Amino acid sequence: MINALLDIFNRFADNDDRDRDNSLSVSKNESNITEHLFQAVNQHRMAQRLTVLIQEPRLFDTAQRQSRRLATANCTDTNWHHTYWEDRKYEISRLPQKFQSAAENVAVVENIRLSLLQKPKTQQEIVGEIIKRWLATTGYRANTEGDYTHSGIGVSTFITTDSDTLVTTASVFAVQYFAK
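Residues numbered from 1 in each chain as written. Predicted model: local features only at pLDDT ≥ 70, side-chain atom pairs only at ≥ 80, totals over all residues. Heavy atoms only, no water.

(A) Quick peek at the packing of aromatic side chains. Summed over all chains, the structure comprises 1 aromatic pair. For the pair Tyr 148 and Phe 178, a centre-to-centre distance of 5.7 Å together with 35 degrees between the ring planes defines the contact as tilted. Pair noted here: Tyr 148 is in the loop between helix H6 (138-144) and strand E3 (150-161) and Phe 178 is in strand E4 (residues 168-179), with a separation of 30 residues, a long-range link. When its relative accessible area of 0% is taken as the criterion, Phe 178 is described as buried. (Phe/Tyr/Trp six-rings, centres within 6.5 Å; stacked < 30°, edge-to-face > 60°. Helix = DSSP H or I, 4+ residues; strand = E, 2+ residues; numbered from the N terminus. Buried < 20%, exposed > 50% of the residue type's maximum accessible area, 1.4 Å probe, protein only.)

(B) Helix H2 (residues 28-47), seen in detail. End to end, H2 covers 28 Å across 20 residues, agreeing with the expected 28 Å (1.5 Å per residue, within 8%). Taken together, the buried positions of H2 are occupied by Asn 29, Glu 30, Ile 33, Thr 34, Leu 37, Phe 38, Ala 40, Val 41, Asn 42, His 44 and Arg 45. (Expected span 1.5 Å × (residues − 1).)

(C) Here's a closer look at the sheet that holds strand E2 (residues 102-114). Judged by pairing direction, the sheet is mixed, and its 4 strands sit side by side in the order E1-E3-E4-E2 without closing on themselves. Looking at strand neighbours, the two that pair on one side only are strand E1 (54-55) and E2, the edges of this open sheet. Note: E2 against E4, 11 bridges, orientation antiparallel. Paired with Glu 104 across the two strands is Tyr 177, which belongs to E4. Of the strands in this sheet, E1, E2, E3 and E4 are in contact with helix H3 (residues 57-72), which crosses E3 at around 20 degrees. Relative to E2, helix H4 (residues 85-93) is tilted by about 120 degrees, and along the sheet it contacts E2 and E4. (Pairing = 2+ DSSP bridges. Contact = heavy atoms within 4.5 Å. Axes fitted to C-alpha atoms, helices over the stretch in contact; angles between N-to-C directions.)

(D) A look at the nonpolar core. With 40 residues, the main nonpolar core has Leu 37, Ile 92, Ile 130, Ile 131 and Trp 134 as its most contacted residues. For Ile 131, the contacting residues outside a window of four places in its chain are Leu 37, Ala 40 and Val 41. (Core = buried A, V, L, I, M, F, W, Y, C linked by side-chain atoms within 4.5 Å.)

(E) Layout of the environment of Gln 124. In this structure, Gln 124 sits in helix H5 (residues 123-136). Residue classification places Gln 124 among the partly exposed positions, given a relative accessible area of 49%. Sequence separation of Gln 124 and Ile 33 is 91 residues, and the distance between their C-alpha atoms is 7.6 Å.

(F) A look at H5. The end-to-end C-alpha separation of H5 is 20 Å, in line with the 20 Å expected for 14 residues at 1.5 Å each. The complete set of buried residues in H5 reads Ile 126, Val 127, Ile 130, Ile 131, Trp 134 and Leu 135. Relative to the axis of H5, the buried residues are bounded by an arc of 160 degrees and lie together on one face. In H5, the exposed positions that point more than 90 degrees away from the buried face belong to Lys 132 and Ala 136. (Arc of directions from axis to C-beta.)

(G) Geometry of the confidence of the model for the chain. The pLDDT averaged across the chain works out to 81; a share of 78% of its residues lies at or above 70. The model gives residues 1-24 a pLDDT under 50, and that stretch makes 44 contacts with residues more than four places away or in other chains. (pLDDT = per-residue confidence, 0-100.)

(H) Main features of the environment of Lys 180. Mapped onto the secondary structure, Lys 180 falls in the segment after E4. Note: C-alpha distance between Lys 180 and Ala 102 (78 residues apart in sequence) is 6.6 Å. Ignoring anything within four residues of it in the chain, the contact list for Lys 180 reads Phe 99, Gln 100, Ser 101, Asp 147, Tyr 148 and Thr 149. A polar atom in the side chain of Lys 180 sits 2.6 Å from the side chain of Asp 147. (Polar contact = N/O pair within 3.5 Å; in protein donor to acceptor, adjacent residues only side chain to side chain.)

Structure below.
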């Protein structure tokens, strides 16, 4: 039973593939969620007859750093998600492309139980929740449908085990930057 639980944990977290330093390496699951999110945002934009976004690696790096900060702090307080946005916006404006405008979307999917008794959420379910939250929020929807040409998405995971109940849960933090 312990081995089966560890297998579920490792398949979700994929921690063996991530460096333990503060590098921008991401697990396979985080990378898959990032790719699915990018595709879902572009599918939504196409349905709205908007131009598709171009993946920009430097925006990905910035988004990945922010998602990692949020995950490392297990920051589920939405008021803190956009703290220092002006600093990140300035960083984006200094990229070689000389972007003139930028926007930020942030979402967290909390309390994803990793147990033998409950099937963990699939990557597609997590992506669906994030997209649903972004489109249900006026500002995030405006960003998603905004006049932007480039984007980068970062996804990081925080995993914890309650010492009393031994229940392991995960929170997935997603950050998307838009730029033009």
